[in-house]
Amino acid sequence: MKVVVIPGDGIGKEVMDATMLILNELDLGLQYEFYEAGDQALQKYGKALPDETLEACRRNSVVLFGAAGESAADVIVRLRQELETYANVRPARALRGVKCLYPGLDLVVVRENTECLYKGFEFELEDSAVAIRVITRKASERIARFAFELAKKEGRKKVTALHKANVMKKTCGIFREACRKVARDYSGIEFNEYYIDAACMFLVMNPYRFDVIVTTNMFGDIVSDLTAGLVGGLGIAPSANIGDKYAIFEPVHGAAFDIAGKGIANPTAMILTACMMLQHLGYTEEAKKVKKALEETIASGKTTPDLGGNLKTKYFANEVLKKLKEAP
Ligand code: NAI
Ligand code: MG
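Now for a description of the structure that goes with this document. (Residues numbered from 1 in each chain as written. Chains lettered and ligands numbered in written order. Predicted model: local features only at pLDDT ≥ 70, side-chain atom pairs only at ≥ 80, totals over all residues. Heavy atoms only, no water.)

## Examining the nonpolar core
We count it as follows: By nonpolar core we mean a set of buried residues, namely Ala, Val, Leu, Ile, Met, Phe, Trp, Tyr and Cys, connected to one another through side-chain atoms within 4.5 Å. Note on exposure labels: buried denotes an accessible area under 20% of the residue type's maximum, exposed denotes more than 50%, and partly exposed covers the range between, all computed with a 1.4 Å probe on protein chains only. Just so you know, the domain bounds were taken from an automatic or database domain assignment. Whether two residues are in contact is decided by their heavy atoms, any of which lying within 4.5 Å being enough.
The biggest cluster of nonpolar side chains holds 86 residues, and the ones touching the most others in it are L23, V214, F249 and M277. Each of domain 1 (1–86 + 236–328) and domain 2 (101–231) accounts for three or more of the residues forming this core. For M277, the residues in contact, after removing those within four places along its chain, are V3, L23, Y32, V62, L64 and F249. Counting 19 residues, the second largest nonpolar core, distinct from the first, contains I6, A37, A68 and V75.

See the structure below:
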């Protein structure tokens, strides 16, 4: 089985190096093929997502992605649409040992990944610009069903839809109706909804009231950085883009140019992202082992600067590797 690996820009490369160290140790018989995309690819080839990279993604079914920079819209947002990975799953789980705002928090954001304002329909009209928000019944029902199925599979109790149907009556209206309709098929799972603005306040004041959140593309983008912040930040926030045929695994964070090149990025988000990939491929035990090694390393006080420690990316990854090797 081949995995298409795209390290990308900035810390994307650094956290991918660290993650490959762990993946190679597992010796799963997966083949990793490396491809370019992002700002650097744009400079080199005139295309942020070179044809060769897109074709490799299309030929295979699993992509492991680091981060793109300013060209993110033409790379990862485009890839999600091209490969119809319609569900973006972003767990926010407080890891053992991480000092964070909400210890024990464990929620998951399910973000619609193919439409909304991120469709990219933007036009200039003399001195103004217009963006078109596309929300379809089909994609809304599909993502709502995905969220409920995920809740069922993971034994979660509640699904909360976030929207702004009081103002965006048509687009959010369709999304709200779709969620309500799908909710009727899942009597064992509680369903409720909030307007997105109030939800942000609730998330900061008491996030424990949430379990599975389902929302549209742009709200999901924003709210998943917020939920990452509740449990320790972007350095530990993984994600998976799931479709019927393809899956792309990428951390929530971007190229982090403010720290790129310093060797201090936290690779935990990328390593946890790789764990989501392993789980998806059926390597459940291996994923568990890696997660355990990560948590033990962090709990022992060995962390990167974003979590208050002083380890560099490579040294932290080596500590995780050591724990992994020690594991039975
Ligand atoms: P960002 O997610 O790259 O970084 C936000 C903040 O979190 C920064 O202060 C950064 O240092 C910190 N951070 C992120 N990941 C970290 C890690 N692993 N360890 C420690 N600290 C971490 O978002 P920002 O700064 O808004 O964007 C930077 C570039 O990345 C932009 O060019 C943007 O377009 C791109 N981007 C790409 C994404 C993608 O490829 N999926 C997603 C978000 C942004
Ligand atoms: Mg984002």
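## Digging into the pairing of strand 1 (residues 2–8)
The condition that has to hold: Here a helix means four or more residues in a row that DSSP labels H or I, a strand means two or more in a row labelled E, and each is numbered from the N terminus. Here the rule is simple: two strands pair whenever DSSP picks up at least two bridges between them. A right-handed crossover is one whose linking path, passing over the helix from the first strand to the second, runs clockwise when the strands point away from the viewer.
Counted residue by residue, strand 1 has six buried out of seven residues, so it is predominantly covered. Here four bridges tie strand 1 to strand 2 (residues 31–34), and the two strands are oriented parallel to one another. Residue pairing in the sheet places V3 in a bridge with Y32 of strand 2. Viewed along the sheet, the connection from strand 1 through helix 1 (residues 11–26) into strand 2 turns out right-handed. By the bridge criterion, four bridges tie strand 1 to strand 3 (residues 62–67) in an arrangement that is parallel. When the bridges of strand 3 are listed, V4 appears paired with V63.

## Regarding helix 7 (residues 196–205)
Put simply, the rule reads: By construction, the arc corresponds to the directions joining the helix axis to the C-beta atoms.
Among all positions of helix 7, only I196, A199, F202 and L203 are buried. Down the axis of helix 7, the buried set is contained in an arc of 110 degrees. They therefore lie on one face. Buried-residue contacts for helix 7 involve strand 5 (106–112), strand 8 (158–163), strand 9 (190–195), strand 10 (212–215) and helix 8 (217–230).

## Overview of the environment of P267
Among the secondary structure elements, P267 is positioned in the loop between strand 12 (247–249) and helix 9 (268–280). For the pair P267 and T171, spaced 96 residues apart in sequence, the C-alpha to C-alpha distance is 37 Å. Ignoring anything within four residues of it in the chain, the contact list for P267 reads V15, A18, T19, T304, T313 and F316.

## Quick notes on the state of the cysteines
Note the cut-off: Here, a disulfide means two cysteine sulfur atoms that sit within 2.5 Å of each other.
Enumeration according to the criterion identifies zero disulfides in this entry. In this model C116 remains outside any disulfide bridge; the closest cysteine sulfur is found in C172, 7.6 Å from its own. Residue classification places C116 among the buried residues on the basis of a relative accessible area of 1%.

Interpretation in functional terms is not warranted from these geometric data alone.
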